Amino acid sequence: METSGNALLEAVEKTATLEPGAPAFRASDGSVTSYGELWTNVLDLAAGIGEHVAGKDPIIVLGRKDALTVAAMLACLASGHAYAPVDADLPVARVRDIAGQMPYPTLLSTCPVPKSLRTAIPACTMLDARSLTEGVIGVVPGRDAWVSGNETQYVIFTSGSTGRPKGIEVTADNVAAFMRWLVTFPVIRDGHRAFLDQAHYSFDLSEYELVGALATGGCLCAVEGAGDLDFAALFSTLATSGVEVWVSTPSFADLCLADPSFDERLLPRLGLFLFCGETLHHTTAEALRERFPQAIVANTYGPTESTVAVTYGEIGDAELADPAPLPVGLPRPGTELRIVDHETGEALPAGETGEILIYGDTVAKGYYENPERTAEAFFETRLSDGTPSRGYRTGDLGHLDAEGALHCEGRLDSLVKVSGYRIELTEVEGALEAIPGVEQAAVVPRESRGRTSSLSAYVVLDPAERSLVRDAEGGRADFELSRILRAELARTLPAYMVPRRVRVIDEMPLTANDKVDRRALASRG
Ligand code: AMP
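Counting starts from 1 at the beginning of each chain's written sequence and moves along it residue by residue. Where local features are concerned, this predicted model is filtered to residues with pLDDT of at least 70; where side-chain atom pairs are given and counted, the filter is 80 or more; whole-chain, interface and lining totals use all residues. The side-chain quantities take in all heavy atoms of the structure and omit both hydrogens and water.

## Some words on unusual backbone geometry
A positive phi angle is found at Val 187, which is not glycine, with a value near 70°. Numbering of helices and strands starts at the N terminus; helices are DSSP runs of H or I of at least 4 residues and strands are runs of E of at least 2. Secondary-structure assignment places Val 187 in the loop between α7 (172–182) and β9 (194–197). You will see that Val 308, though not glycine, has its phi angle at about 70°, which is positive.

## Quick look at the packing of helix α9 (residues 231–239) against helix α10 (residues 250–257)
Note on geometry: axes are C-alpha line fits, over the in-contact stretch for helices, and angles between N-to-C directions span 0 to 180 degrees. Running from amino to carboxyl end, α9 crosses α10 at an angle of 100°, the nearest separation of the two axes being 11 Å. In terms of their interaxial angle, α9 and α10 are classed as roughly perpendicular. When α9 is examined against α10, the residues Phe 231, Leu 234 and Phe 235 are found in contact with a partner set consisting of Phe 252, Leu 255 and Cys 256. In this classification, the charged set is Asp, Glu, Lys and Arg, the nonpolar set is Ala, Val, Leu, Ile, Met, Phe, Trp, Tyr, Cys and Pro, and all remaining amino acids, among them Gly, are polar. Of the residues that constitute the contact of α9 with α10, the class distribution is 6 nonpolar, no polar and no charged. Note that the term roughly parallel is reserved for angles under 35 degrees, roughly antiparallel for angles over 145, roughly perpendicular for angles of 65 to 115, and oblique for everything else. Here, residues are in contact when the closest pair of their heavy atoms is within 4.5 Å.

## A short note on the site of the ligand
As a structural note, the neighbourhood of the ligand is formed by 15 residues, with Thr 300, Thr 304, Asp 396, Lys 417 and Arg 422 the closest of them. Between a nitrogen atom of the ligand and a side-chain N or O atom of Asn 299, the distance comes to 3.2 Å. Polar contacts, as used here, are pairs of N or O atoms within 3.5 Å; protein pairs need one atom able to donate a hydrogen and one able to accept it. Residues neighboring in sequence count only if both atoms are side-chain atoms. For the ligand, an oxygen atom lies 2.5 Å from a polar atom in the side chain of Asp 396. The Shrake-Rupley method, run with a 1.4 Å probe sphere, supplies the accessible areas, and residue values consider only the shown protein chains as cover. When the ligand sits alone it has 500 Å² of accessible area, and the protein chains cover 90% of it. Within the shell around the ligand, the residues separate by chemical class into 3 nonpolar, 6 polar and 6 charged. Neighbouring residues are identified by heavy atoms, a residue being near a molecule or strand if any of them is within 4 Å of it.

## Let's talk about the pairing of β9
Partly exposed residues are those whose accessible area sits between 20% and 50% of the maximum for their type, while under 20% is buried and over 50% is exposed, using a 1.4 Å probe and protein chains only. The alternating pattern of β9 places Ala 194 and Leu 196 on one face and Phe 195 and Asp 197 on the opposite face, and all of these are buried. Bridge analysis of β9 against strand β10 (residues 219–222) gives 4 bridges, and the strand direction is parallel. When the bridges of β10 are listed, Ala 194 appears paired with Cys 219. When the strands point away from the viewer, a crossover counts as right-handed if the path from the first strand over the helix to the second runs clockwise. Regarding topology, helix α8 (residues 205–215) serves as the crossover connection from β9 to the parallel β10, and that connection is right-handed. Two strands pair if DSSP finds at least two bridges between them.

## Details of the nonpolar core
If you look at the biggest cluster of nonpolar residues, it comprises 87 residues, and the most contacted ones within it are Leu 74, Leu 108, Tyr 208, Leu 214 and Leu 274. If you tally residues by element for this core, the top one is helix α3 (residues 67–78), at 11 residues. Apart from the residues within four sequence positions on either side, Leu 274 is in contact with Leu 182, Phe 185, Tyr 208, Val 245, Trp 246, Val 247, Ser 248, Ala 298, Thr 300 and Tyr 312. Put simply, a nonpolar core is a bunch of buried Ala, Val, Leu, Ile, Met, Phe, Trp, Tyr and Cys residues held in one set by side-chain atoms that sit within 4.5 Å of each other.

## A few points about the state of the cysteines
Disulfides are covalent bonds that link the sulfur atoms of two cysteine residues. By disulfide we mean two sulfur atoms from cysteines, separated by a distance within 2.5 Å. Enumeration according to the criterion identifies 0 disulfides in this entry. The structure places no disulfide on Cys 219, whose sulfur is separated from the nearest cysteine sulfur, that of Cys 221, by 4.4 Å. Looking at the unpaired Cys 256, the closest cysteine sulfur is the one in Cys 221, lying at 14 Å.

## Observations concerning the environment of Ala 285
Within the secondary structure layout, Ala 285 lies in helix α11 (residues 282–291). Overall, the relative accessible area of 0% leaves Ala 285 in the buried class. In sequence terms Ala 285 and Ile 296 are 11 residues apart; their C-alpha atoms lie 9.9 Å from each other. Among all residues touching Ala 285, those that are not within four sequence positions of it are Leu 280, Val 297, Ile 315, Leu 320 and Leu 326.

## Describing the pattern of salt bridges
For salt bridges, the criterion is a side-chain nitrogen of Lys or Arg within 4 Å of an Asp or Glu carboxyl oxygen. Enumeration according to the criterion identifies 22 salt bridges in this entry. Linking Arg 338 and Glu 336 is a salt bridge whose minimum nitrogen-to-oxygen distance equals 3.0 Å. Overall, the relative accessible area of 23% leaves Arg 338 in the partly exposed class. Through salt bridges with shared partners, one network takes in Glu 10, Glu 13 and Arg 143.

## Some points on α11
Turning to α11, its buried residues number three or more, namely His 282, Thr 284, Ala 285 and Leu 288. Along the long axis of α11, the arc covered by the buried residues comes to 165°, so they all point the same way. Across from the buried face of α11, at angles greater than 90 degrees, the exposed residues are Thr 283 and Glu 290. For α11, the elements touching its buried residues are α10, β12 (272–275), β13 (296–301), α12 (317–321) and β25 (451–461). An arc is given here, and it is the one of the directions from the helix axis to the C-beta atoms.

## Overview of the packing of aromatic side chains
Two rings from Phe, Tyr or Trp (for Trp, the six-membered ring) form a pair when their centres are within 6.5 Å of each other. A pair whose planes differ by under 30 degrees is stacked, one over 60 is edge-to-face, and the rest are tilted. In the structure shown here, the tally under the stated rule is 21 aromatic pairs. With 5.8 Å between their ring centres and 55° between their planes, Trp 246 and Phe 273 make a pair best called tilted. Of the two residues, Trp 246 is situated in strand β11 (residues 245–248) and Phe 273 in strand β12; the sequence distance between them amounts to 27 residues. Each member of the pair, Trp 246 as well as Phe 273, is classed as buried. Arranged with centres 5.9 Å apart and planes meeting at 10°, the rings of Phe 273 and Phe 275 form a pair that is stacked. You can call Phe 275 buried: its relative accessible area is 0%. Ring-pair connections join several aromatic residues into one group, and the members of that group are Phe 231, Phe 235, Trp 246, Phe 252, Phe 262, Phe 273, Phe 275 and Phe 292. By the criterion adopted, a ring carries a charge over it if an Arg CZ or a Lys NZ lies within 6 Å of its centre and within 35 degrees of its normal. Lys 65 extends its terminal NZ or CZ atom over the ring of Tyr 201, reaching a point 3.6 Å from the ring centre.

## Some points on the pairing of strand β20 (residues 388–400)
Here strand β17 (residues 354–360) runs beside β20; their pairing, made up of 5 bridges, is antiparallel. From the neighbouring strand, Leu 357 faces β20, where its bridge partner is Arg 393. The loop that links strand β19 (residues 378–382) with its antiparallel partner β20 comprises 5 residues; one of these, Gly 386, has a positive phi angle of about 95°. Bridge analysis of β20 against strand β21 (residues 406–411) gives 4 bridges, and the strand direction is antiparallel.

## A short note on the side chain of Glu 429
With respect to the element layout, Glu 429 can be found in helix α14 (residues 425–433). On the basis of relative accessibility, which here comes to 9%, the residue Glu 429 falls in the buried class. A polar contact is formed between the side chain of Glu 429 and the backbone nitrogen of Val 443, at a distance of 2.8 Å. With sequence-adjacent residues up to four places away left out, Glu 429 is seen in contact with Ala 441, Ala 442, Val 443 and Arg 518.

## With respect to the sheet that holds strand β26 (residues 501–504)
Reading across the sheet, the 3 strands line up as β24-β25-β26 and stay open at both edges, with mixed pairing between neighbours. Each edge of the open sheet is held by one strand with a lone partner, namely β24 (438–448) and β26. Recorded for the sheet is a direction-independent mean angle of 25° between the axes of neighbouring strands. Bridge analysis of β25 against β26 gives 4 bridges, and the strand direction is parallel. The partner of Ser 456 across the bridge, within β26, is Arg 501.

Here is the structure:
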């Protein structure tokens, strides 16, 4: 269903008009921004953007988790631009890579921009959201300027297999379709709308709470991300948050569960756990059901390429009694799932494992400025009733059971998830091989309790570098080299992509058909 207008902006404007004092954003320090204040900021920022930026290109929104960053993203939409949310903690080289993919880059910052970043992207138009909201300049764009229909609402940059971050373009129609489904979830449809806001806005998981809260007149309850987690601060924020809907990766819930005080006394209003992004294990679901007996635990599945999530399934006694991996649920209305043989494309019956294809109205436009990769993964198709639709090859393996529920069974390629973060192993290998002195690199995932917990890298150095290392002494030299290589990687990759261990080896082990023997590497420890 093609829509006009922008469902998210319309919802925010409506609440700002009818209930201007309703809380829209609650920061981790307890300060609250109302819908009235949020909307005023959106309009001021949209006017400022309109004054400085021509055309319709996406705008990079550089910031952290605060109300101004939310206003900045909405203001992009209100002035006719998609937003590309970028975490303020990303290395300068990575932000440069993202800006470098845009023909006319503009960066709207909601926090101070380091000088090194300004110099790295000299051709980029820089706007400071804090000064744009101070004195309104320009004319507030009308509704006809809003991003709508098949125009891009946001571009999320994820790890790319070719060594550069890959932008995924999700349209206003995609978000509207996702929103229509999300508001029907139990607990949310009953009027409970205080959403945990934990995932950084540069990950599509955060769209769950952004869309869920703002579409329903609800509140985003912000907590700091997992990277800089201060448990005492997190738990005191949670205790006063009033959170009713929990959205996170299972890994983040596991971190919280490690503290015995994470239970219904801490979050008495919590009614729904929504998980997405990686495997939900029995142990996590069981512990949550025990500690939060009044809450529903739901597993959902989906790639950024199909707007956050396309399945929903509650995990109850029956699912937990079955030792097989937990299902990820049934497809949403508007989505159809097909399981096909990866080699032949032939459709497979229920129970058989193959590649998961997603058809429907949340399948994204494609990869930003990359028609070849878009054509490889996305295609035009028809739903079973003949309606024309877009399709996406996920690269995920799985099967449908007799009830039509989806079960995920891993990947066809080298994409892994560490704490829910999407990482292409080939991108990390490419970054290592770009370091002078490194001849070859291989990165393998380390498993712990059924999930990838970290990455280990193995590198072979150029012969000249090798002799230098041999001259140095044994273990200590290895340790030092590992430290140097990790520090080099941190200059170009986000922290979550840097392998925990980097080991220098003399030569890459190969399989019988001369491929890097990843099993042999994994067993090296
Ligand atoms: P992202 O684009 O970051 O949301 O990552 C999407 C990928 O995460 C999917 O293609 C799957 O490989 C994985 N994923 C998402 N949800 C689940 C889930 N509930 N269980 C297992 N894997 C999942």
